[in-house]
Structures are given as structure tokens and as C-alpha cells.
Amino acid sequence: LDQSGYSEAARYRASFENLVGTAQQPIVITVEGSLTMQYESWNGMSFVNCQHVILDGMGYSGNLNSLHITKHPDHLKGDACVTVGELSSDVEVCGVEFSESSFAGLVMKTDPNKDRPETWEANFRMYNTLIHNNYFHDVRAEGIYIGYFRGSTTTTVNSAGENVIYRAHKLEDTKIYNNSFVKCGWDSLQFNNGSGLCEVHNNYITNSAFFGEPDQNTGMSLSMSGRVFNNIVDGVKGLGIQIGPMGNVDIYNNILTNLGEGAYGLFLMGDKDTVEQNTSGNTNQLAINIYNNTIITEGLGVTLGAQNTVQHLNMIFKNNYYSSNSRFGGQSSSTIATWETNQENNIQLDMNNLDQYKIGSLVKGEFNIYSGSILASGGQLIGEQYDSRGFKNWSDGDKFIGARAGIVK
């Protein structure tokens, strides 16, 4: 994208259709210097039926966010800064700044259509989606909206009068990392129908869901299999992270603070129509491993809860510290009893006597733990040996609790 002759008052849109690269030679769309694209109408940039394409917002300068896509200030509606849809796959979006959209900053999905079998999960998947090092701010709804929101099967009649059964496509092996989200009106990050080894990590979220919209008020809303780790959610009108397991999931080294009054820190969604949940009599046997998280809820908030429509029977909760008097909720009494049996090495903080834990400062968001803290050696080794910054504890004999290890000399 060449910015020569560009006017700050101008309106620009770009559409890329049927671009097909290869894994070895992807098509790269980038900027020579720095460029702010102010768009009107539905979106600023769209990708239609594109494969092996990279949108690189760093450009030849190598500076993050050299490409800024934003709604034009005198235009009332600009749904999405960038859309990636219509059977696109193997797409990477990196180093871009997104702002002021009336809906989402980045939308990536192909909606299933009863009259188009090519859009059904049986015939199409998005592979190897990479979204990283982007900056989302001041958007009216989601920062990222990726994947069709419903994972259940639809049975209906198409326009030809035929009975059809279909599901939305999956997003195979998706990676979303190193993104910043500042002031998103709804969920900062909504990721649906992730399958294979998906990873959501090292994202920073603040001032999320500021509208307090029901069912759209989380830091992250995820339906996926894989790993969720090293994320910071600091300031959200609702709950920290909600997740609908589409396969086994590991949730670790996350810091969740300044959540909505009475909100859950972590929440397990339960859709009995989702085949991947392996439901049998509304029970879910998928492995859900939750460990080494820091979860500071407000008021009467619950640390971990779930929709009661599905009983999550294979949940492990270890090495976490949290503030709430209510550790678990939202499941039957028998499921809660199973959760209690499966929890170990967790600490409920006494918020009136924080000095005893030797934490840097919860008020200032400093979570380092110091020598002699019960948090430095009260845990057990599960999965990763490193904290959310990649640090190890002082010695291999120290197994830390929470998302931060001791200060490394």
C-alpha cells in the first residue's frame, strides 16, 4: 500500500479477492512507511476467498502498527476495520492498529448458509490462522470476532425444499497472541469453534466490555481446544475468561483482576449440542486443566463457575490463588464435590491481610512474590515450569502458586 498522495481527510477502502499464495510463498500485503486508512461504509479492508495471505501492519519500516485502519470520524457507521471471510484460509494478521469501528476491529469467519454446502463444516475449515502483535482500541463491540458464534448443528430446509443438516466451519490450529486490547465495548476477544492445537496467549486486555451488554461482557469468550496462557485481563465489566471446551484445554499462568462486581473469574460454557463436549446425559468428560492462575474478583464474585446445562466432570484446579470466598459455583452439588476432590494447592487470599503473602502490590498490579512467601513453594509441578513472563522460581524445589514466580536474581 503506497501512501504517496495520501490525504488525511480522504476515505479509503481496499478489497482483496481470490488471492492465492502458498505456505512457502504467501502473498504479503504491507505498507512502505506508515499509513492511516480512514474508511466509511461496512469495512476498511476485506479479504474474499483468499489463501496463504499475510496482512503485515509493520511494513518495511519494521515498526509495529505502521498501518492504522480506523473509521472516518464524520461517518456514523463502520462495522469492521478488517473482514476475512468467504472461504478464506491460512491468513495471518500482524502488527496492525484497529480503532473506532462501530462493530469489531477484526472479523474472520465464513458464515454457514443453508443454500451453500461449500460453507458447511463438512466441506470447509479455516487452517493456520495467526493473529498477533496487533493493537485494538476504542471499538464499540469486539476487538476480535473470529469464527461463527454457534457450534451446534442446524437442521432446516433450504431454498430448494431439501432437508439439510450442517454446522459452521472449524478453525484448525489457530494462534492468537501478543495483542493489546484497550477499551472494547463488548468482549475484547471472541474466538469460536477452534479445533486442533489452538493457542491464545500473551494478550493484554484492559477496560473491556464497558457497555455492560448482557452476554457480551467478558475479557475473552472462547470455544476451543488447546491452551490459554500468559494472558492479562485487567478491568472488565463482566467476567474474566469464559471458555466452551471443544476438546481438552489447559488454562494456566493467566492474571485476571478488576472484574465486574459479583462476576465469575473463569466460566465454563456448556452447550449440549456441541458434539465435541462428548456429552452423555449432559456430562462432559473432556480434560479441563486450570492451574497457576491469579484470579482477583470483586465483591461476591465466584472464582470458577459453569453453565449448569452440562456437568464438567473432568476439571482439575491446582496452584491457583484467588480472592473470592466462593471457589466454585454453577454446577450440581455432586459435580462441585468432584471439583473439590480434584483441587489441590490453591490459596484463598485474606484481602484484609495481604502482607502475609509477600506479593509486590495487588493494588498496583505487581504480582511478583518474594522470598519466604507461601506462594513461592506451596504448589506442585504441573505442565509448564515457567511463569507468565518466562521466569523460573529460585530453585527447582520451589513450586510456585499463581501466575508469577519469585523474582529471579
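A brief look at the structure comes next. Remember, predicted model here, so these are calculated numbers, not experimental data.

## Overview of the overall build of the protein chain
When you go through the protein chain residue by residue, the secondary structure sums to 2 helices and 38 strands. Taking 409 residues into account, the globule formula puts the C-alpha radius of gyration at 22 Å, and the protein chain, at 22 Å, falls close to it. Expressed along its principal axes, the backbone C-alpha trace of the protein chain runs to roughly 60 × 55 × 40 Å. Counting only residues that meet the buried cut, the protein chain has 55% of its 409 residues in that class. For the protein chain, the proportion of contacts with a sequence separation of at least 24, taken over those separated by at least 6, is 72%.

## Observations regarding the sheet that holds strand S9 (residues 96-99)
The strand order across the open sheet formed by 11 strands is S3-S6-S9-S13-S19-S21-S23-S25-S29-S33-S36, and the pairing between neighbours is parallel. Each end of this open sheet is capped by a strand with a single partner; those strands are strand S3 (35-39) and strand S36 (347-348). With 4 bridges connecting them, strand S19 (residues 180-184) and strand S21 (residues 204-208) associate as parallel partners. Looking across to S21, one finds that Val182 is bridged to Thr206.

## Notes on the pairing of S19
As defined by bridge partners, strand S13 (residues 135-139) adjoins S19 across 4 bridges and the pair is classed as parallel. For Phe136, the partnering residue across the bridge sits in S19 and is Phe181.

## Quick look at the side chain of Ser223
Positionally, Ser223 belongs in strand S22 (residues 218-229). With sequence-adjacent residues up to four places away left out, Ser223 is seen in contact with Phe191, Asn192, Asn193, Gly194, Gly244, Met246 and Met269.

## Observations regarding the packing of aromatic side chains
Inspection of the entire model under this criterion finds 13 aromatic pairs. Each ring, one from Phe136 and one from Phe181, has its centre 5.0 Å from the other, and the planes form 5 degrees; the classification is stacked. In this pair, Phe136 sits in strand S13 while Phe181 sits in strand S19, placing the two residues 45 residues apart along the sequence. We classify Phe181 as buried; its relative accessible area is 0%. Note on Phe317 and Phe328: the rings are 5.3 Å apart at their centroids and 80 degrees apart in plane angle, and the pair reads as edge-to-face. On the criterion of sequence distance, the pair formed by Phe317 in strand S32 (residues 315-318) and Phe328 in strand S34 (residues 326-329) is long-range, its members being 11 residues apart. Taken together, Phe317, Tyr322, Phe328 and Trp339 form an aromatic cluster joined through their ring pairs.

## Concerning the environment of Asn113
Assignment of secondary structure puts Asn113 in the loop between strand S10 (104-108) and strand S11 (126-127). Classification of Asn113 as partly exposed rests on a relative accessible area of 30%. Linking Asn113 and Ala168, residues 55 residues apart in sequence, is a C-alpha distance of 8.8 Å. Not counting the four nearest positions on each side in its chain, Asn113 is found in contact with Thr119 and Trp120.

## Things to note about the environment of Gln331
Here Gln331 shows up in the loop between S34 and helix H1 (333-341). What makes Gln331 buried here is its relative accessible area of 9%. The sequence separation of Gln331 and Asn43 amounts to 288 residues, and the corresponding C-alpha distance is 42 Å. A polar side-chain atom of Gln331 sits 3.0 Å from the main-chain carbonyl oxygen of Gln307.

## As for the pattern of salt bridges
Tallying each qualifying case throughout the model produces 10 salt bridges. Glu86 is paired through a salt bridge with Arg116; the nearest N and O atoms lie 3.2 Å apart. Remark: Arg116 occurs in the loop between S10 and S11 and Glu86 occurs in the loop between strand S7 (80-85) and strand S8 (89-94); sequence separation between them is 30 residues. The closest approach of N and O atoms between Arg327 and Glu340, which form a salt bridge, is 2.6 Å. Remark: Glu340 occurs in helix H1 and Arg327 occurs in strand S34; sequence separation between them is 13 residues. What makes Arg327 buried here is its relative accessible area of 18%.

## Quick word on unusual backbone geometry
Residue Asn18 is not a glycine yet carries a positive backbone phi of 60 degrees. Mapped onto the fold, Asn18 is located in the loop between strand S1 (14-17) and strand S2 (27-29). Look at Leu87: it is not a glycine, yet its phi comes out positive at around 70 degrees. Judged by relative accessible area, Leu87 falls into the buried class, the value being 19%.

Conventions used here
Per chain, residues are indexed from 1 in the order of the written sequence. Only residues with pLDDT of 70 or above have their local features reported here, since the model is predicted, and side-chain atom pairs are shown and tallied only from 80 upward, although totals for entire chains, interfaces and linings are computed over all residues. With hydrogens and water stripped out, all remaining heavy atoms of the structure feed into the side-chain values. Every helix listed is a DSSP run of H or I at least four residues long, and every strand listed is a run of E at least two residues long, numbered separately from the N terminus. In this setup the radius of gyration rests on C-alpha atoms only. A globule is expected at 2.2 Å times the number of residues raised to 0.38. Buried means the residue's accessible area, taken with a 1.4 Å probe over protein chains only, is under 20% of the maximum for its type, while exposed means over 50%, and partly exposed covers the values in between. Contacts are residue-level and defined by heavy atoms, with any inter-residue pair within 4.5 Å sufficient. By this definition, two strands are paired if DSSP reports at least two bridges between them. Only Phe, Tyr and Trp rings take part, Trp by its six-membered ring, and two of them pair if their centres are within 6.5 Å. Stacked means planes under 30 degrees apart, edge-to-face means over 60, and tilted covers everything else. Pairing of N or O atoms within 3.5 Å defines a polar contact, subject to two protein rules: one partner must be a possible hydrogen donor and the other a possible acceptor, and residues neighboring in sequence count only if both atoms are side-chain atoms. Note on definitions: salt bridges are taken to be side-chain nitrogens of Lys or Arg within 4 Å of carboxyl oxygens of Asp or Glu.

Keep in mind these numbers describe shape, not what the thing actually does.
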